[in-house]
Amino acid sequence: MTQRFVVLEDIDFVYQTGENEGMLALKGTNLDIPRGDFAAIVGPSGCGKSTILKLVSGLLKPQRGKIDVAGRQVTGPVKIVGMAFQNPTLLPWLSAIDNVLVPLKIVQPYRSQFKARRAEYEERARALFKTVGLAGFEEKSPWQLSGGMQQRASLCRALIHEPELLLLDEPFGALDAFTREDLWATLQELWIIRRPTVILVTHDLREAAYLADRIFVMSARPGCIIATHDACFARPRTLEMTFSDQFVALYHALRNEISEARVEAMA
Amino acid sequence: MIRGSLLRRALPCLVILGMFLVWEALCRLFGVKEFVLPLPSQIFSVLVTRWDALLPHAMQTLMTTVVGFIGGVIAGTLIGIAIGSSRLVYDAMYPLLVGFYSIPKVAVVPILVIWFGSGTVPAVITSLVICIFPVVVNVATGLATTEPELEDVLRALGASKADILWGVGIPRSMPYLFASLKIAITLAFVGSVISETVAANRGVGNMMIIASSNIDVPLVFAGLFILAFMGIALYALFALLEQRMTGWAMRKNEFSM
């Protein structure tokens, strides 16, 4: 029996904009992700995909409903989480490697050992750099790296403290198609080695079907889950696989559901 | 390339030298009287011949300015952090700060003299008070404009407010702080000299007041030259420090010094 790792029960979330009225982003959202699973969330833009990640990480609190991560209710920022955003959000005054070391300066138990074990941690960061193809760029400043390289560094930063839960908010959204496909492979490789639970929010349906075991489709705002698909392709997956009939069928199914959700929202 | 950069470095000196030459030439051409506008050459000769008498005044002004400046920067940074990290404090304090800053500092000096007597203390306090505002405004702006995405990187890791302030807010505001230091150091001279002209028996401001009452105009101008020189020197020092500390924020080499 696999453990339920991330559980959202009947979540409502409202963004407070004015004095009285707010914007309802999520309504009655349920989500259930087992430990070690690679989940993807897709949906029309503005449907509350990113909001789900912020709720799971504890950056936002829902007005109604309950969120559990690793069997504990989320009340504030969750420390077993690594997060990567659409913008690489590297701190411009730190070198690439110092950026990647930031979580170790914040999260316990690394934090109190940071000074004593700095060399060891740097070695760990260098190993990660090598895995994502950034070896030799450790001492560069963020602005000296291309967009794809910055995103790789951001991925390293999300993984350095070996989080059990990895939250990815359209991490490859701003990259060109070739770089994106390279990074899919890198991410898959990292996931196969470490097997964290992953929630990937994306608007790229090929990306979702290539990377995830399970794909959740959301309705337009206020968002809730309207369909769940299992993507049972053998791993490691290849780009060639994305042209197979089975993959294309899944892609079409996802696409139709989201189109319908958009049409409904406009009607 | 090397010639170009050498020329660029020499250019400010050449402009200053050129200004003196034009000044000298025009004064001689139109026979301007010494007590109206002295010749640059006269002013420099005063600087050289009366150097021993001028030096203590210059050191006094430099000391009061720097002490006031340091105090002002520390106070300004602390107030700026308080204002910049809380919307409530920002809204509550800002009108008061603007009000304080709108008061001409020369009007405050007599009050300081009543409280602290004449001399060094009011000069230090005047330059301190005049420094605070630009530092507060810049530090607060730096903190208030920190991208929430950068803060989220730390917040998602469960970082405390203090962690976020030290890890993101303060490094992010450093370019703003250094920009304000360059303004503040020149303002600090204004503050200390105002105070010296009103109530002191030492310092460049005091010396200039006495010299002008003796209609010793070259000596008055010598005082101005000393102030201008000290201003440039300290400005350059902070510009250099800025470049060393916050080079990451200045990538366009056309603008970096």
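Procedures and definitions
Residues numbered from 1 in each chain as written. Chains lettered and ligands numbered in written order. Predicted model: local features only at pLDDT ≥ 70, side-chain atom pairs only at ≥ 80, totals over all residues. Domains from an automatic or database assignment. Pairing = 2+ DSSP bridges. Helix = DSSP H or I, 4+ residues; strand = E, 2+ residues; numbered from the N terminus. Core = buried A, V, L, I, M, F, W, Y, C linked by C-beta atoms within 7 Å. Buried ≥ 20, exposed ≤ 12 C-beta atoms within 10 Å, placed from the backbone. Contact = placed C-beta atoms within 7 Å. pLDDT = per-residue confidence, 0-100. Nonpolar A, V, L, I, M, F, W, Y, C, P; charged D, E, K, R; others polar.

Participant: Before we move on, can you summarise the domain arrangement of chain B with the specific residues and values?
Facilitator: Domain annotation of chain B identifies domain 1 (1-32) and domain 2 (44-249). For domain 1 of chain B versus domain 2 of chain B, the distance between C-alpha centres works out to 30 Å.

Participant: Tell me about the pairing of strand 10 (residues 225-230) of chain A, and name the residues and values.
Facilitator: The pairing of strand 9 (residues 214-218) of chain A with strand 10 of chain A spans five bridges and is classified as antiparallel. Its bridge partner being in strand 10 of chain A, Ile215 of chain A is matched across the sheet by His229 of chain A.

Participant: Requested: an account of the nonpolar core, with residues and values cited.
Facilitator: Generally speaking, soluble globular proteins have nonpolar side chains that are buried together. Residue and element names in this part refer to chain A. Judged by nonpolar contacts, the single largest core of 86 residues is most densely connected at Val56, Cys156 and Ile199. The dominant element in this core, judged by the number of residues it contributes, is helix 2 (residues 96-106), at seven residues. Among residues more than four places away in sequence, those in contact with Val56 are Val6, Ile67, Val69, Val74, Leu167 and Ile199.

Participant: Lay out the pairing of strand 4 (residues 64-69) of chain A with the relevant residues and their values.
Facilitator: Residue and element names in this part refer to chain A. In the sheet, strand 1 (residues 4-16) pairs with strand 4 via five bridges, with the strands oriented antiparallel. Bridging across to strand 4, Val6 finds its partner in Val69. As paired strands, strand 4 and strand 5 (residues 72-73) are joined by two bridges and run antiparallel to one another. The residue of strand 5 that forms the bridge with Val69 is Arg72. What sits between the antiparallel neighbours strand 4 and strand 5 is a turn of two residues, in which Ala70 has the positive phi angle 55°.

Participant: An account of the confidence of the model for chain B is needed here, citing residue identities and associated values.
Facilitator: Residues at a pLDDT of 70 or more form 96% of chain B, whose mean pLDDT is 89. The ipTM value of the predicted complex is 0.75, and its pTM value is 0.79.

Participant: So what about the interface of chain A and chain B? Which residues, and what values?
Facilitator: Contacts between the two partners involve 17 residues from chain A and, on the opposite side, 15 residues from chain B. For the side of chain A that touches chain B, the secondary-structure elements that each account for two or more residues are strand 6 (81-84) and helix 2 of chain A. Classifying every residue of the side of chain A that touches chain B gives twelve nonpolar, four polar and one charged.

Participant: So what's going on with unusual backbone geometry? Which residues, and what values?
Facilitator: The peptide bond linking Arg235 of chain A to Pro236 of chain A adopts the cis configuration, its omega dihedral lying at -5°. On the secondary structure map, Pro236 of chain A appears in the loop between strand 10 and helix 8 (245-266). The phi torsion at Glu170 of chain A lies on the positive side, around 45°, for a residue other than glycine. In this structure, Glu170 of chain A sits in the loop between strand 7 (165-169) and helix 6 (177-194). The partly exposed category is assigned to Glu170 of chain A, around which 19 C-beta atoms lie within 10 Å. Positive phi, normally seen in glycine, also occurs at Ile215 of chain B, with a value near 50°. Structurally, Ile215 of chain B is set in the loop between helix 9 (204-213) and helix 10 (217-245). Judged by C-beta crowding, with 10 C-beta atoms within 10 Å, Ile215 of chain B ranks as exposed.

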